[in-house]
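# Breakdown of the fold
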Amino acid sequence: MKGQHGFIGTSHQARFDAMPHQESWFAAAWHRIRRWEQLAYEREQLARMSDAMLKDIGLSRADVMEESERHFWEDPMTK
């Protein structure tokens with residue numbers, strides 16, 4: 001099995017060496033778009049929660065309104 005691990009790592013590395021800039025740029029753009037979709041979905045779900053559910057997680061309706069009105073590209077994890 002050790003030989004297979006080295007072989008897989010070698011073929012994987014060779015693939016990335018062929019087009020390093022294009023592939024990494026595309027992957028980064030794809031991940032950013034997917035993150036924006038995730039943020040928009042999560043904010044929509046948060047806005048749909050009942051007051052009892054919000055109380056369980058320690059948020060008020062005002063907190064939810066503030067968060068759900070943010071733009072999809074405003075990612076709190078990148079600050």
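As a reminder, the structure under discussion sits directly above these lines.
Residues numbered from 1 in each chain as written. Predicted model: local features only at pLDDT ≥ 70, side-chain atom pairs only at ≥ 80, totals over all residues. Heavy atoms only, no water.

The number of helices and strands found in the protein chain is four helices and zero strands. The linear arrangement of helices and strands in the protein chain, starting from the amino end, is α-α-α-α. Taking all 79 residues of the protein chain together, 9% fall into the buried category. Across the protein chain, contacts joining residues at least 24 apart in sequence account for 46% of those joining residues at least 6 apart. Of the roughly 6,900 Å² that the protein chain leaves accessible, carbon and sulfur atoms contribute 62%. (Helix = DSSP H or I, 4+ residues; strand = E, 2+ residues; numbered from the N terminus. Buried < 20%, exposed > 50% of the residue type's maximum accessible area, 1.4 Å probe, protein only. Contact = heavy atoms within 4.5 Å. Areas by Shrake-Rupley, 256 points an atom, 1.4 Å probe, with all protein chains shown as cover.)

Turning next to the pattern of salt bridges. Under the definition given, this model contains seven salt bridges. Measuring nitrogen to oxygen at the nearest pair gives 2.8 Å for the salt bridge that ties Arg48 to Glu44. Placement of both Arg48 and Glu44 in helix α2 (residues 20-48) is noted, with a separation of four residues, approximately one turn of the helix. We classify Glu44 as partly exposed; its relative accessible area is 38%. Among the salt bridges present, the one from Glu74 reaches Arg70, with a minimum N-O distance of 3.3 Å. (Salt bridge = Lys/Arg side-chain N within 4 Å of Asp/Glu carboxyl O.)

A word on the packing of aromatic side chains. One pass over the structure, following the stated rule, counts two aromatic pairs. Seen from their ring centres, Trp36 and Phe72 are 5.3 Å apart, and the 75° between their planes marks the pair as edge-to-face. Placement of the pair is Trp36 in helix α2 and Phe72 in the segment after α4 (61-68), with a sequence separation of 36 residues. Arranged with centres 5.0 Å apart and planes meeting at 85°, the rings of Phe72 and Trp73 form a pair that is edge-to-face. By the ring-pair criterion, three or more aromatic residues cluster together here, those being Trp36, Phe72 and Trp73. (Phe/Tyr/Trp six-rings, centres within 6.5 Å; stacked < 30°, edge-to-face > 60°.)

Once that is clear, we can look at the environment of Pro76. Locating Pro76 in the fold gives a position in the segment after α4. In this view, Pro76 contacts Leu39, Arg43 and Arg70; residues no more than four positions away in its chain are not counted.

Turning our eyes to something else, we now look at the side chain of Arg43. Following the sequence through the fold, Arg43 ends up in helix α2. Taking the relative accessible area as the measure of exposure, Arg43 reaches 6% and is therefore buried. A distance of 2.8 Å separates polar atoms of two side chains, one belonging to Arg43 and the other to Glu67. (Polar contact = N/O pair within 3.5 Å; in protein donor to acceptor, adjacent residues only side chain to side chain.)

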